[in-house]
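Here's the letter readout for the chains.
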Amino acid sequence: MGVDWGTVSTSLLTSGGVLFAAYKLWFQRRLEDHKSQLQNNTKLFDMEMEVLNEFGKINQTIQNASIGIRAVLSNEELFIIKLTENISTMKKFRDKNSHLLSDTQMKSINNLIDNYSKILSEAKPFMSSSSSYCEGQYPAYDNLPEALLSKAITQVEATQSIFIQMQKDIFKMAGR
């Protein structure tokens, strides 16, 4: 009995074609999944960039504090003067973006808010009863102690540090 090599070669080509078609379909599906995943990552990255931009603006306001007055105040004094506003801004930021922030970032922002609140409570005894800035919008303080000003500097630096870490985390995860 002889082997019909024509039938064998046709059969091999046909089964190879079916395998190739199945592989092609599988490969196209994986390619579509990967493309979809990249699009989702792009959307997430865009959202994270918006969060980073928003926190960057908050950080910039804290780093270069101003209340629009002629008197020259140090940045740490301005930080203390604007603490109520800064706490409110940070809470709004945290609540608005909690779904995009990692646990570590949430913890850092919560610590900032807590530390801001502690400084505010320590500054209350030094609040001036006879003056304020911007028609009462911001309190004035008399003779803030050096230790409190030092804590303010630390928190301004901590805010900057959190911003830089957030920036690193977002760009590190951009390639997901």
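Residues numbered from 1 in each chain as written. Predicted model: local features only at pLDDT ≥ 70, side-chain atom pairs only at ≥ 80, totals over all residues. Heavy atoms only, no water.

### A look at the packing of helix α3 (residues 83–97) against helix α4 (residues 103–123)
Across the interface, α3 lies against α4 with an axial gap of 10 Å and an inter-helix angle of 160°. Between α3 and α4, the crossing angle belongs to the class labelled roughly antiparallel. Crossing angle aside, the handedness with which α3 passes α4 is left-handed. Contacts between α3 and α4 involve Leu-83, Thr-84, Asn-86, Ile-87, Met-90, Lys-91, Phe-93 and Arg-94 on the former and, on the latter, Met-106, Ile-109, Asn-110, Leu-112, Ile-113, Tyr-116, Ser-117, Ile-119 and Leu-120. Per-class residue counts for the contact of α3 with α4 are 11 nonpolar, 4 polar and 2 charged. (Axes fitted to C-alpha atoms, helices over the stretch in contact; angles between N-to-C directions. Helix = DSSP H or I, 4+ residues; strand = E, 2+ residues; numbered from the N terminus. Parallel < 35°, antiparallel > 145°, perpendicular 65-115°, else oblique. Left-handed = near helix turned anticlockwise from the far one by under 90°. Contact = heavy atoms within 4.5 Å. Nonpolar A, V, L, I, M, F, W, Y, C, P; charged D, E, K, R; others polar.)

### Let's talk about the packing of α4 against helix α5 (residues 146–173)
It is at 11 Å that the axes of α4 and α5 come closest, and there the two elements cross at 165°. Compared by their axis directions, α4 and α5 come out roughly antiparallel. The element α4 and its partner α5 pack so that their crossing is left-handed. Of α5, the residues touching α4 (which contributes Gln-105, Ser-108, Ile-109, Leu-112, Asn-115, Tyr-116, Ile-119, Glu-122 and Ala-123) are Leu-148, Lys-151, Ala-152, Gln-155, Ala-158, Thr-159, Ile-162, Met-166 and Asp-169. In the contact of α4 with α5, the residues fall into 10 nonpolar, 5 polar and 3 charged.

### Topic: the packing of aromatic side chains
Counted by the stated rule, this structure contains 4 aromatic pairs. Each ring, one from Phe-45 and one from Phe-171, has its centre 5.8 Å from the other, and the planes form 65°; the classification is edge-to-face. Of this pair, Phe-45 sits in helix α1 (residues 5–63) while Phe-171 is found in helix α5, placing the two residues 126 residues apart along the sequence. The interplanar angle of 80° and the centroid separation of 5.2 Å between the aromatic rings of Phe-79 and Tyr-116 together place this pair among those described as edge-to-face. Separated by 37 residues along the polypeptide, Phe-79 in helix α2 (residues 75–81) and Tyr-116 in helix α4 bring together distant segments of the chain. (Phe/Tyr/Trp six-rings, centres within 6.5 Å; stacked < 30°, edge-to-face > 60°.)

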